[in-house]
Amino acid sequence: IIDPSYSPIFKSRAAIFPSGFYAHYNEAANYLIASSLLVAALALFGRYGSVTRVIWGLIAIAGLAAVYYTRSRGGLLGAAIGGGVLACGALMIGKRINSRWFAPTLIAIPLIASALGLFLFSGWQESQKTRNVKDGIDLLLDSNSRLHLLGVAASTIDLHPWVGGGSRSFSWESFQFLETVKHGSAVTRKPEQVHNELVQAATDYGIIGAGLLIGLFGALTIATFLRLIFEKNVYELDSVDAWRIGGLAAFVQSCFSFVFHLMPGVILLGICLSKMSRSKPDHTKAYQVIGSKMLLALTAISTIFILLPNGWKGSMVTQALWATHLSKLGDKSDGSVIDALTKAISIWPHITFYEERAAISQAAATSSDA
């Protein structure tokens, strides 16, 4: 917060807002929200010691407060929506277990909704001021840029409606439909994303892919609500209720932001979906099926053997590029950067490294010709 431009890993970032270990403030907000909602649910309903739950509650409050300072407008919306879902889930559990706090909390719903609304409005207002937008929140609510992107996305979907154009295909297929005269300043940068996760899935994987996602997410959400309302004698046995409402709240907020963009977000989404689908614990069984344990162990070992080589390769590339790309005090000359990229290509021949090396060489050749 004191120095938003500081980042412990990246030598420079496009955004001026705090982002922690992420390159973009919105990605930091996504992770803060989902993890904080999971921890908040465990603090409320987890079957753990009081001290542990108090500590987790403080962590959750700190995480959600940090979202405010990222100045991410989508993150603030996701936090408000996720907090509302968490409150609704808590009320369902309170009703089912006949808790004494259910009635007072039910009466306080307008106050809770007002607090969430104030959090969202204040956060958006401050975010607009930080961006030096004179019209403030009015311009945010009246912005047409994302509507233009949705229109462009609809055109790209029409190119191959059923199976899509492949992963991230929107980032290049969108150029066929962008009209600078029509869109004007509404689209000022390369629109790599649609700004809507389900529409993004339809552009990349077609109606079939988006339909499969909607079917999976919808089925899990309905099953979670039914279990929260009707399943008996769960709270006394395990923390399954806490995991369910935490996973549900964190998942719902992800629908309002860009959770699929980076691997940590995808992993966290998988955790949320798994916790949403968690079944009632059966404490009558004194054993577990040996076959399932063996399968899980085999899967874990196989995953380790698959990930270790790639992790080692990534570490070697990071070492090769550290001085020129990550260190704030390293050698940034063209020759050093080209040498570093050449070494990285020998380890991992990735298209990004080739593109950057070619761009530097082209710029140098153009400069010498001039």
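Residues numbered from 1 in each chain as written. Predicted model: local features only at pLDDT ≥ 70, side-chain atom pairs only at ≥ 80, totals over all residues. Heavy atoms only, no water.

Engineer: Before we go on, may I ask you to explain the packing of aromatic side chains in this structure?
Structural biologist: The geometry of two aromatic rings is summed up by the distance between their centres and the angle between their planes. Scanning the entire structure with this criterion turns up seven aromatic pairs. Residues Tyr22 and Tyr31 carry aromatic rings whose centres are separated by 6.1 Å and whose planes lie at 40° to one another, so their mutual orientation is tilted. In this structure Tyr22 comes out as buried when scored by relative accessible area, which is 16%. Here Tyr31 falls in the partly exposed class, since its relative accessible area comes to 35%. Judged by centre distance (6.0 Å) and plane angle (45°), the rings of Phe45 and Trp101 are tilted. With Phe45 in helix α1 (residues 25-45) and Trp101 in the loop between α3 (73-96) and α4 (102-107), the pair connects residues that are 56 residues apart, well separated along the chain. Judged by its relative accessible area of 33%, Trp101 falls in the partly exposed class. (Phe/Tyr/Trp six-rings, centres within 6.5 Å; stacked < 30°, edge-to-face > 60°. Buried < 20%, exposed > 50% of the residue type's maximum accessible area, 1.4 Å probe, protein only. Helix = DSSP H or I, 4+ residues; strand = E, 2+ residues; numbered from the N terminus.)

Engineer: Hey, could you run me through the environment of Leu149 in this one?
Structural biologist: On the secondary structure map, Leu149 appears in helix α7 (residues 145-159). It is 7.6 Å that separates the C-alpha atoms of Leu149 and Pro191, two residues lying 42 residues apart in sequence.

Engineer: Honestly, the pattern of salt bridges in this entry has me stumped. Any pointers?
Structural biologist: When charged atoms on two side chains of opposite charge get close, those side chains can pair. By the definition in use, this model includes two salt bridges. Residue Arg96 pairs with Asp241 through a salt bridge whose shortest N-O separation is 2.3 Å. Of the two residues, Arg96 sits in helix α3 while Asp241 sits in helix α11 (residues 240-254), which places them 145 residues apart along the sequence. Overall, the relative accessible area of 12% leaves Arg96 in the buried class. Residues Asp241 and Arg244 are paired through a salt bridge, measuring 3.9 Å at the closest nitrogen-oxygen approach. (Salt bridge = Lys/Arg side-chain N within 4 Å of Asp/Glu carboxyl O.)

Engineer: It is not clear to me how helix α2 (residues 50-70) should be interpreted in this structure. Could you clarify?
Structural biologist: In an α-helix, one turn spans 3.6 residues; hence positions three or four apart end up facing the same way. End to end, α2 covers 31 Å across 21 residues, agreeing with the expected 30 Å (1.5 Å per residue, within 8%). For α2, the set of buried residues is Gly57, Ala60, Gly63, Val67, Tyr68 and Thr70. Elements in contact with the buried residues of α2: α1, α3 and α5 (109-130). (Expected span 1.5 Å × (residues − 1). Contact = heavy atoms within 4.5 Å.)

Engineer: Which parts of the structure should I look at to understand the environment of His195?
Structural biologist: Assignment of secondary structure puts His195 in the loop between α9 (180-183) and α10 (197-230). The spacing of His195 and Leu149 is 46 residues in sequence and 7.7 Å in space, taken between C-alpha atoms.

By themselves these figures say nothing about function.
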